Structures are given as structure tokens and as C-alpha cells.
Amino acid sequence: MSESSYDLIVLGAGPGGYVAAIRAAQLGMRVACVEKGNLGGTCLNVGCIPSKALLESSERYVETRQGLARHGIRVEGKVSLDLAALMKRKDEIVHSLTSGVGFLFEKNKVDHVIGTARLAGAGQVQVNGNGAKRTLHAKRIIIATGSVPIELPNLKFDGQHVISSTEALALDAVPQKLILIGAGYIGIELGSVWARLGAQVLILDVLEHPLPMMDQALVQRLQRSLEKEGLKFRFKTAAESAKIEKNGVKVAWKSVDGSQSGVETADKVVVCVGRKPVSDGLGLAEAGVKVDRRGFIEVDHATYQTSVAGIYAIGDVIGGAMLAHKAEEEAVACVEQMAGRGGHVNYATCPAVIYTHPELAQVGLDEQQAAKLGPIKVGKFNFMANGRAKAMEQTEGMVKIIADGKTDRILGVHILHARASELIHEAVVAMEFQASSEDLARSFHAHPTLNEAIKEAALAVEKRSIHA
Ligand code: NAI
């Protein structure tokens, strides 16, 4: 095999691409991964990881200012914010994790090729990097180029005043007023960060409620908590345009029914109305790789092969939930099938988490979706009655378990709690093993733990919760 010949070339080194490259190398393939930016993609550089670092720091700030007295801890003097230090910690975390991917590439003998990749005929990838072009050859190619923020036509990103989540993760001062367009994952998480750090935050959304894909009863409770944290929402409202002026940005808005309109001024406006696939400029049309009308690459969802034999695609660029863990599972399944193994992704057990305070996490169906399939049983348990939650002073939230009315199989689990992102995995594993609510209800749960609330909700499915 020549130096530029591989078994597999992966385009993009986000959670989809780098996982595919490492797993393929583990399975004995000679692998190159082409990346034009830093290793780690959106998730590690400008997404999941830096946002969680900021959420953690901002939560500590609020707790130190307001939450410690209840524990009998008095903070004397003024608690102040060092935003530069807070951002430095975030940057160090990003740096350590992205360098970690480089280390894993070396360990697994994955060639990290720096540059911009483009399909260039059967089994060929042209890489433009460091002012030179080179052609790599491979039996198979995986496209894992991810997604970028959607821009609104009348609110174009200028990197300063009208910004995307990328810039909103790296502001050098706390804005006095921040408007976020879109009450989705990003609007709510970044709105929380900046509200905690002292900004007045207003979130606009065209819909009637935030987070339509999550359990709406829990979303309402979350919204109340966020409003207490200082976030303001205006629903059924579209942002029409932005005008940059000397002392800020003026955002013109209109209610969806057209009955009201107005202008809000802010220091910065974050447009977070979703993300779109990165499928332009890859030479897809010339190679015969089909994309849908929104630019998502069409694949066979069992093998991840595109319309062209030998070319595969995974992660955000093929649509579905734009989540790092979904891309990772697709990466492993795709590569294992190439190696003759039985890779498979069970999308029905893909968890979704909003990392607010409290966090909102879910797996599987909500009540409306489940009820369409037949009779259901629902068990609920409030953390107010959980001993560990009381000891932690984190009693807001509940667990809701939806089970099949006839077979008792768990169809969905929804958790609102400060630690919901960790708790949900008991439900993910249970559902992966097709557990019934009875299985959870009869399983040991150490006392005192937050997980006991899951056991109690499972008991509540048959109305035999002990502590409710
Ligand atoms: P999103 O799809 O979650 O929410 C976008 C919101 O914008 C929707 O509620 C929509 O109604 C609203 N919207 C659209 N056009 C609008 C307009 N003109 N005016 C007002 N509102 C408008 O998208 P978001 O928050 O940008 O996140 C992008 C992706 O990133 C998500 O799909 C998610 O998968 C991923 N993500 C995941 C996180 C997590 O797992 N915790 C955190 C952050 C992002």
C-alpha cells in the first residue's frame, strides 16, 4: 500500500469522524482522518464541552452568591466574577480534550491529515492544506462533516453584535442585555449561562412553548425554574431584522399572528434557530452522492452507505438528532459493518439532555406518542420526597416512567432534576434490555441515592410507590 493509500478515509474529526477513525483502526484498517480545523469538531471546540464548562462555572457563581446560606455557609464580603479566568478554564478544558483526540490518533496509528477535503473521483479524496494539494486513495470513505449554525436572512452573523453560539461561548464581557432568537437547546443553555453571570436575557421563539421535542409538562416546570433564574421568554414571536447601532443592536420582532410588533435593544443577539449540514463544497454532486433538499446526505440507515458504493456518511450531516452521542454510535455501527461485524444503532434508546438547572433528560416516547401505540401506564415520583435530593438541597423535579399498558415494557422515561443527565442512563440501559417497569421496581437501588426516585416512579406505575 502506498503512503497515500488507505482502507478508510474519514472526512471530519468531530465525535462522528474521530470515533469512526479510531474504531476502524482498532479493527485493523489503515485509516486517515482529514480535518481542516481543530480535532474534536463542534462538540469539543465550540459546542457540548465549552458550554458545559460555562454552565458549571456559572452555576457555582450563583450558588456561592445565593445558595450556600441554606447550608449554613456564610460568604463574607463581595463575591465577584473573573470572566477572563472563567473563560481560561473553559479554554484549557477544550485544549486538553482536543489534544486528547490527537493522542488517541497517534496511539491507534490514525493518520491525521490537516486540510480541506473534497471527493475527487472513485476512491479518491483531494486535500487542500498548507497551500498544497494532495490526493489520497481509499477503498472506503466516510463523510462526517457535521453541521453549522443556520443564519437568518435579515439577521446575518457579523461576529460582533449578531452572533452564533460559537461567539456566545467566548464573550469577553457580560452583556447588559442579551437577546437569543430560538428557545431550543442552545438558546436555553446559553441563556442560562449569561443570565447567571448577570445579563438580562430575553429569548424569542416562533413556537408557543420551548423545547417541543421534550415532555411538555416537565418543560413547563423547567421554564418556571428558568424564569426564576432571570430568563425572560416571548413566544409566538419572530425576529424580523436586526439593526446595528452605536449602543447596541435593535431587533425588530412581530408576533406570529401579526397582531403585535415592536423593537428590543440589546448589546448582542445570538441567533440559535437550528443547525444545517455541512455538505457544500465536498464534491458530492460530481461524485453522484445524493443530498435531500435541505442538504442532508441521504444514506441507507442500516449501513450508512450513500447513493454511491464505498462512500458512507454519519452524524449531523445525515440529519436526525444533532447529538454527539448519536454520531458516535453511527460511527461505530458503520465501521463495524465494514469489518463484517453486526453494527447497529437503536435510535429508540438515544437520550436527549438539556443541561440547565434543573437538567431535563429523556429517552424514548412521551405520553402522547406512546398513547398512539395503545394503552399506557404512567408512574411519577417527585424528588421532593427523595432523601438524597433533600440532603443535596436539590429537590426540584420529578421522574416520569411510561410503560406499555399490556406488557409493562418501558416506553419512555423523563427526568427533571439537577443531575438528570447522569440519572437518565439507568433508563437507557433498562430500555436497551427491553426491561419492564416491574424490572426497575424490583431492582436494588442503594439508599440514599437520587436513583431511588427512578425505582419509586417504577413502583408508581402500579400505584405502589412507598414514599409518595
Ligand atoms: P433547536 O432546533 O434546538 O431550536 C431552535 C429553535 O428556534 C426552535 O424552538 C424554533 O422554533 C426557533 N426558531 C426558528 N426560527 C426562528 C425565528 N425566525 N424566530 C424565532 N425563533 C425561531 O436549535 P439550536 O438551539 O440552535 O440547537 C442546534 C442543535 O444543536 C440542536 O438540534 C441540538 O441537537 C444541538 N445541541 C444539543 C445540545 C445538547 O444536547 N444539550 C446543546 C446545544 C445544541
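Residues numbered from 1 in each chain as written. Predicted model: local features only at pLDDT ≥ 70, side-chain atom pairs only at ≥ 80, totals over all residues. Heavy atoms only, no water.

### Some details on the domain arrangement of the protein chain
We note that the domain assignment places domain 1 (5-148 + 276-347), domain 2 (162-273) and domain 3 (358-461) within the protein chain. Placing a centre on the C-alpha atoms of domain 1 and another on those of domain 3 gives a separation of 31 Å. (Domains from an automatic or database assignment.)

### Topic: the pattern of salt bridges
Evaluation of the coordinates by the stated rule reveals 24 salt bridges. Put simply, R234 and E264 hold a salt bridge, and the shortest N to O gap is 2.9 Å. In this pair, R234 sits in strand β11 (residues 231-234) while E264 sits in strand β14 (residues 261-266), placing the two residues 30 residues apart along the sequence. For R234, a relative accessible area of 24% corresponds to the partly exposed category. Given the relative accessible area of 16%, E264 is considered buried. Among the ionic pairs, K377 bridges to D408, the shortest N-O distance being 3.0 Å. With K377 in strand β20 (residues 376-382) and D408 in the loop between β21 (398-404) and β22 (410-417), this pair connects stretches of sequence that are 31 residues apart. (Salt bridge = Lys/Arg side-chain N within 4 Å of Asp/Glu carboxyl O. Helix = DSSP H or I, 4+ residues; strand = E, 2+ residues; numbered from the N terminus. Buried < 20%, exposed > 50% of the residue type's maximum accessible area, 1.4 Å probe, protein only.)

### Focus: the packing of helix α1 (residues 15-26) against helix α4 (residues 83-108)
Relative to each other, α1 and α4 sit at 20 degrees, their axes nearing to 9 Å. It follows from the interaxial angle that α1 and α4 lie roughly parallel. Crossing of α1 over α4 shows left-handed handedness. Counting all contacts with α1, which are made through Y18, A21, I22, A25 and Q26, the residues of α4 involved are V101, L104, F105 and N108. For the contact of α1 with α4, the class distribution of residues is seven nonpolar, two polar and no charged. (Axes fitted to C-alpha atoms, helices over the stretch in contact; angles between N-to-C directions. Parallel < 35°, antiparallel > 145°, perpendicular 65-115°, else oblique. Left-handed = near helix turned anticlockwise from the far one by under 90°. Contact = heavy atoms within 4.5 Å. Nonpolar A, V, L, I, M, F, W, Y, C, P; charged D, E, K, R; others polar.)

### Points about the sheet that holds strand β13 (residues 248-255)
With respect to topology, three strands assemble into an open sheet ordered β12-β13-β14, the strand pairing being antiparallel. With one partner strand each, in any of the chains shown, β12 (237-245) and β14 form the two edges of the open sheet. Each neighbouring strand pair of the sheet contributes to a mean axis angle of 25 degrees, computed without reference to strand direction. Relative to β13, β12 runs antiparallel, the two sharing eight bridges. Of the residues in β13, the one forming a bridge with K243 is K250. (Pairing = 2+ DSSP bridges.)

### Points about the environment of A21
Mapped onto the elements, A21 comes out in helix α1. Look at A21 and you get buried, because its relative accessible area is 0%. Each C-alpha atom, one on A21 and one on V332, is 9.2 Å from the other, the two residues being 311 residues apart in sequence.

### What to know about the packing of helix α3 (residues 48-67) against helix α6 (residues 185-196)
Two elements in contact, α3 and α6, have axes separated by 9 Å at closest approach and are oriented at 35 degrees. Handedness of the crossing formed by α3 with α6: left-handed. On the side of α3, the interface is formed by S51, K52, L54, L55, S58, E59, Y61 and V62, while α6 contributes E189, S192, V193 and R196. Class assignment of the residues belonging to the contact of α3 with α6 gives a composition of five nonpolar, three polar and four charged.

### Re the nonpolar core
One finds L8, V31, F105, L119, I142, I143 and I297 to be the most contacted residues of the largest nonpolar core, which totals 55 residues. With seven residues, the single largest contributor to this core is α1. Those residues within four positions of V31 in sequence are excluded, and the remaining contacts are Y6, L8, V10, A21, A24, A25, K109, V110 and D111. In terms of nonpolar packing, the next biggest core, distinct from the first, is built from 38 residues, I188, L197, C272 and I354 among them. (Core = buried A, V, L, I, M, F, W, Y, C linked by side-chain atoms within 4.5 Å.)

### So, the site of the ligand
In the vicinity of the ligand, 22 residues are found, and the nearest of them are I186, E189, D205, M322 and V353. Within the side chain of D205, one N or O atom sits 2.7 Å away from an oxygen atom of the ligand. Interatomic distance of 2.8 Å between a backbone N/O atom of V353 and a nitrogen atom of the ligand. When isolated, the ligand has an accessible area of 850 Å², and the protein chains bury 80% of it. Within the residue set of the shell around the ligand, elements represented by two or more residues are α6 and β12. (Near = heavy atom within 4 Å. Polar contact = N/O pair within 3.5 Å; in protein donor to acceptor, adjacent residues only side chain to side chain. Areas by Shrake-Rupley, 256 points an atom, 1.4 Å probe, with all protein chains shown as cover.)

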